[in-house]
Amino acid sequence: MADKTNTIQEPNLADSFLFGKVMSDTEICRMALENILHVPIKKAEFPVTKKITDRAPDRGGIRLDACINDEQETIYSVEMLCCKDEELLKKARYFQCNIDSDIILSGKRCTKLKKSYIIFICTFDPFSDGRHIYTFENRCLEDLSLALGDETTEIFLSTRGKKDDVDDEIKNFLAYVENSTDACAQQTSSQLVKAIHKRITEIKLDKDMELQYMTLLQR
């Protein structure tokens, strides 16, 4: 859910409308994913079947804010979450099913399933352990060094993290999510934050974007 604001000038990056518009920039998407995962990503693109769709800022329901492929055909599903609910963990499962079913329903074999990451950016601590990042993958309970190898990963980022578990780039990004101001962007050395802030400034100056935002608020 987005911040309940009256004009497009007010919301932070945590707002679902603003986040969706920013993440539709493939270069910003690429930079964000590369910093979160610490892997080189040469190019990101939005598959035709997974275009970002607008949603009223305070409307419920499940959807993908952004679903991105890279050159290795890895799929990244990214969503901003501003409130914790009982569906949170099942959303990760639902999103994974959504990604896999698109491939299976097209008639391809299970061996064609792609490596995927489900990423939630949360303005709360989803597991109350003070971490900025929680990463999950399927492993053997009897031997945690033994991974299942199904190439699925779920990542929860938290703006409320307290531990020193991520680098400064991610800390600055998470701080900016809830404080998307000129001052915050000027104080940081993060190239990711500066790129995002530049795009947010452009969006907030765009009269068409403001009209879209106001229309969604009125629904």
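Residues numbered from 1 in each chain as written. Predicted model: local features only at pLDDT ≥ 70, side-chain atom pairs only at ≥ 80, totals over all residues. Heavy atoms only, no water.

**Looking at the environment of Thr152**
Relative to the elements of secondary structure, Thr152 occurs in strand β8 (residues 152-158). Taking relative accessible area as the criterion, Thr152 reaches 11% and is therefore assigned buried. Through-space distance from the C-alpha of Thr152 to that of Ile118 is 8.0 Å; in sequence the pair is 34 residues apart. The residues contacting Thr152, other than those within four sequence positions of it, are Gln96, Ser116, Phe136, Glu137 and Asn138. A polar contact is formed between the side chain of Thr152 and the side chain of Asp150, at a distance of 3.1 Å. (Helix = DSSP H or I, 4+ residues; strand = E, 2+ residues; numbered from the N terminus. Buried < 20%, exposed > 50% of the residue type's maximum accessible area, 1.4 Å probe, protein only. Contact = heavy atoms within 4.5 Å. Polar contact = N/O pair within 3.5 Å; in protein donor to acceptor, adjacent residues only side chain to side chain.)

**A short note on unusual backbone geometry**
The backbone of His38 shows a phi angle near 55°, a positive value even though the residue is not glycine. Structurally, His38 is set in the loop between α2 (26-37) and β1 (44-45). When its relative accessible area of 56% is taken as the criterion, His38 is described as exposed.

**Quick word on the packing of helix α1 (residues 16-23) against helix α6 (residues 191-205)**
It is at 10 Å that the axes of α1 and α6 come closest, and there the two elements cross at 115°. Judged by the twist between their axes, the crossing of α1 over α6 is right-handed. Of the residues in α6, those in contact with Leu18, Lys21 and Val22 of α1 are Ile196, Arg199, Ile200, Ile203 and Lys204. In terms of residue class, the contact of α1 with α6 is made up of 5 nonpolar, no polar and 3 charged. (Axes fitted to C-alpha atoms, helices over the stretch in contact; angles between N-to-C directions. Left-handed = near helix turned anticlockwise from the far one by under 90°. Nonpolar A, V, L, I, M, F, W, Y, C, P; charged D, E, K, R; others polar.)

**Some points on the pattern of salt bridges**
Under the defined criterion, the tally for this structure stands at 10 salt bridges. Put simply, Glu27, Arg30 and Glu34 are held in one network by salt bridges that share partners. (Salt bridge = Lys/Arg side-chain N within 4 Å of Asp/Glu carboxyl O.)

**Some details on the pairing of strand β7 (residues 143-147)**
In the sheet, strand β6 (residues 139-140) pairs with β7 via 2 bridges, with the strands oriented antiparallel. Across the sheet, the residue bridging to Cys140 is Asp143, located in β7. Between β6 and β7, which follow one another and run antiparallel, lie 2 residues. (Pairing = 2+ DSSP bridges.)

**Considerations on the environment of Ala14**
Mapped onto the secondary structure, Ala14 falls in the segment before α1. Considering only alpha carbons, one finds Ala14 and Ser180, 166 residues apart in sequence, at a separation of 8.7 Å.

**Some remarks on the nonpolar core**
Leu13, Ile119, Ile121, Leu157, Phe173, Tyr176 and Ile196 are the most contacted members of the largest nonpolar core, which totals 41 residues. Among the elements that make up this core, the one with the highest residue count is α2 (7 residues). In contact with Phe173, not counting residues within four places along its chain, are Leu13, Ile121, Leu192, Val193 and Ile196. Within the second largest apolar cluster, 12 residues are counted, among which are Leu81, Ala92, Phe95 and Ile118. (Core = buried A, V, L, I, M, F, W, Y, C linked by side-chain atoms within 4.5 Å.)

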